[in-house]
Each structure stands twice: as C-alpha cells, then as structure tokens.
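Here are the chains, one letter per residue:
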Amino acid sequence: MKYVNEADWDRIARVVLGIALLYLGWAGMVTGGWGTFLKIIGFLPLLTGLVGFCPAYALFKFRTNKTTA
Amino acid sequence: MTDPTLAERSATHPRPVIVDVWAPWCAPCRRMAPIVERLAGEYEGRVDVWKVNADEQPDEARRLRVLGIPTMIAFRGGQEVSRKVGAGSEADLRLLFEMAVSGQAPAPRGIALSDRLLRLAAGTALVLLGLTSGPSLLLQAVGGVVLFTAIADRCPVWQAVRPRLAALIGRGGTASPEV
C-alpha cells in the first residue's frame, strides 16, 4: 500500500530539483563548501520525489496529494 | 471471547461484501460517498457494502491493514479479493464491485506508469551525471538502483528472489492486489 502525500506535479518538481542540485554539485559547477553541500542535499528532494512521501508534510499534516487522507 | 472480525463475518455472509473504511473529516471519503451509494444501489442483492468509521472502529481498521482512507476492500467468502486505496473514479469502484461479484482479481499491475517513467528518467539522469562527473561511482550506483526499482516488478529473477528475501528478513505473506 502506498502512503503518498505528494501530488504528481510535486514529485516531478522534486526530482527535477534534486537532479539539478546534484548536477551543480557533482559536475563541479559549484565548488568548495557549497559544492559539497549540494552534492549531499540534492539527494533529499530526489528521494522524497521518487518515494512520493514527504516527512515534513506529514509532520505538519499537509499534503499536495488530495486523493487519500 | 472477542467479536468476529469483518473478514470472519464476511465468510458467513451470503453475499460478497465491500468494506468501506472512511472518516467524517476525510474529504476524499465524502467525495466518494455518493458514488459508493449509487453502486451499492445498483448491486443491491449481489454485493453488500459495510461502512467502517476509522475513528470509531480503529481496531477494525488496523486489522484490515488500512493505512490511508478512503480504503475499500472487496471480500468474497471471507477472502480479500481486492482493495482500492484513495479516491477514484466510478469506473475504478465499479471494477471493485465486479471483482467482488466474480471473485476474479486482475493480474497485479505493478507500479503506476507515471511512477515508472519518473524513476526511469531520474535513474537515467543520475547514471549520466555519474558518468560525466568524475566519473562518480556513487551516482552511477544510485542511478542503477533507481532504474532497477522502475522495472523490478517486471523482472522474473527479482520476483523469484523477493519472497525468499522477505522470508529471510521476517516479512512473509503477500499483499492483496490493489485496484
């Protein structure tokens, strides 16, 4: 069973954002401390987008997916 | 002695049963209610609809393994035939009623197409990024895993190995197919 609290558009936006952040970090577009930060933080939106579940949404009882409660 | 569960009651019930788990505060449940009522009327005498208020009967909802509402479960002869989680169209619900009548569950469909495409796109992007940046083995490995999750439900080797892995980590049992 799925426990998805993100709508499709939300998931796509997170995946695109995650890939973009990872690209900036791993491709060397941003270097130094910020580059390292992006290399790690990019996985966060990517993972939540792929899984469809955002713990922060759950914490604040918010959801963009309106098909389940 | 404890009361019989809904599944046990459905075993002795003369007709198939759709168990509708809902709550008054659940907006998707309220949207689905008229559709359920309409279909219940249409299938009167062939399928019965039992409502379970998740707030008033949390134990029953837990026994039915309900993690989100609305959840509708089709029982026939005490056996779960199929379940539908979340709001859906009348066609989705009609399929559930038909499955309750016939006892035939459709072949498991695996993950949704949108989910599959999203994973394929993300996995490909990660692998390409891994190949062009460094190359980075970490990104390639993560991309490979993401790509695999997109096709795992179609992989016969994984399907053969998965039950053994599940048994190994103590998660035996099979989930019923979802609508």
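Residues numbered from 1 in each chain as written. Chains lettered and ligands numbered in written order. Predicted model: local features only at pLDDT ≥ 70, side-chain atom pairs only at ≥ 80, totals over all residues. Heavy atoms only, no water.

Trainee: Please explain the overall build of chain B as it appears in this structure.
Mentor: Across its full length, chain B carries seven helices and four strands. Scanning chain B from its N terminus toward the C terminus, one meets helices and strands in the order α-β-α-β-α-β-β-α-α-α-α. Across the 179 residues of chain B, 38% fall into the buried class. Of the contacts made within chain B by residues no fewer than 6 positions apart, 66% connect residues no fewer than 24 positions apart. (Helix = DSSP H or I, 4+ residues; strand = E, 2+ residues; numbered from the N terminus. Buried < 20%, exposed > 50% of the residue type's maximum accessible area, 1.4 Å probe, protein only. Contact = heavy atoms within 4.5 Å.)

Trainee: Whenever I open this one, the overall build of chain A confuses me. Can you help?
Mentor: What chain A contains, in helices and strands, is four helices and zero strands. Split by element, the accessible area of chain A, about 4000 Å² in all, is 75% carbon and sulfur. (Areas by Shrake-Rupley, 256 points an atom, 1.4 Å probe, with all protein chains shown as cover.)

Trainee: Explanation requested: the pattern of salt bridges in the structure shown.
Mentor: It is possible for side chains bearing opposite charge to pair when their charged atoms get close. Residues and elements named next belong to chain B. In total, this model carries 14 salt bridges over all chains according to the counting rule given. Close ionic contact of Arg94 with Glu90 constitutes a salt bridge, the shortest N to O distance being 3.0 Å. Remark: Glu90 and Arg94 occur in helix H4 (residues 90–102); sequence separation between them is four residues, near one turn of the helix. For Arg94, a relative accessible area of 28% puts it in the partly exposed group. A salt bridge links Asp153 to Arg116, with the nearest nitrogen and oxygen atoms 3.0 Å apart. (Salt bridge = Lys/Arg side-chain N within 4 Å of Asp/Glu carboxyl O.)

Trainee: How do you make sense of the pairing of strand S2 (residues 48–53) of chain B when you look at a structure like this?
Mentor: Each regular strand carries side chains that alternate between the two faces of the sheet. Residue and element names in this part refer to chain B. Where strand S1 (residues 17–22) meets S2, six bridges bridge the pair, whose relative direction is parallel. Its bridge partner being in S2, Asp20 is matched across the sheet by Lys51. Handedness of the β-α-β unit built from S1, helix H2 (residues 27–42) and S2 comes out right-handed. (Pairing = 2+ DSSP bridges. Right-handed = clockwise from strand over helix to strand, strands pointing away.)

Trainee: I'm lost on the side chain of Arg11(A) in this one. Help?
Mentor: Tracing the backbone shows Arg11(A) in helix H1 (residues 8–26). What makes Arg11(A) buried here is its relative accessible area of 7%. The residues touching Arg11(A), leaving out its near neighbours within four places in the chain, are Glu6(A), Gly49(A), Leu50(A), Val51(A), Gly52(A), Asp115(B) and Leu118(B).

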